[in-house]
Amino acid sequence: MSFTSTALTGILTSESVHAVELPMATWAYGLVALIIFAVLAFVTASYRDVANRHRAKAEAYAARHGADEHGGH
């Protein structure tokens, strides 16, 4: 017998199942992921419309530096 057939026979005939006990219930992983995504969505939403909070500064900068220039890009 070759090494491949010996290894394949050993894998197919082994009936031992290694049960791994998780540190928490399986539904809790989904809950943790949901909470993390909700926090990330809140952080993302908190940056919404940030540019318009400083509209006066942006308009003053555009007036000083020219609204059509792109800073050398």
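Residues numbered from 1 in each chain as written. Predicted model: local features only at pLDDT ≥ 70, side-chain atom pairs only at ≥ 80, totals over all residues. Heavy atoms only, no water.

So what about the overall build of the chain? Which residues, and what values?
Counting its secondary structure elements, the chain contains three helices and zero strands. Within the chain, buried positions represent 1% of all 73 residues. Total accessible area on the chain is roughly 7100 Å²; 66% of this is exposed by carbon and sulfur atoms. (Helix = DSSP H or I, 4+ residues; strand = E, 2+ residues; numbered from the N terminus. Buried < 20%, exposed > 50% of the residue type's maximum accessible area, 1.4 Å probe, protein only. Areas by Shrake-Rupley, 256 points an atom, 1.4 Å probe, with all protein chains shown as cover.)

Mind laying out the confidence of the model for the chain, listing which residues take part and the relevant values?
Considering every residue of the chain, the mean pLDDT works out to 80; 71% of them sit at 70 or more. Model confidence for the chain, summarised as mean pLDDT per element, is weakest for helix H1 (residues 3–13) at 67 and strongest for helix H2 (residues 26–46) at 96. (pLDDT = per-residue confidence, 0-100.)

So what about the environment of Met 24? Which residues, and what values?
By secondary structure assignment, the location of Met 24 is in the loop between H1 and H2. Ignoring sequence-local partners within four residues, the contact set of Met 24 consists of Tyr 29 and Val 32. (Contact = heavy atoms within 4.5 Å.)

Which residues make up a nonpolar patch on the surface, and what values do they have?
A grouping of Val 20, Leu 22, Met 24, Tyr 29, Val 32, Ile 36, Phe 37 and Leu 40 is seen on the molecular surface, where their side chains present a nonpolar patch of about 770 Å² in accessible area. Residue placement: Val 32 occurs in helix H2. Among the residues examined, Val 32 registers a relative accessible area of 38% and is labelled partly exposed. (Patch = residues over 30% accessible without salt bridge, like charges linked within 9 Å, V, L, I, M, F, W, Y side chains within 5 Å. Salt bridge = Lys/Arg side-chain N within 4 Å of Asp/Glu carboxyl O.)

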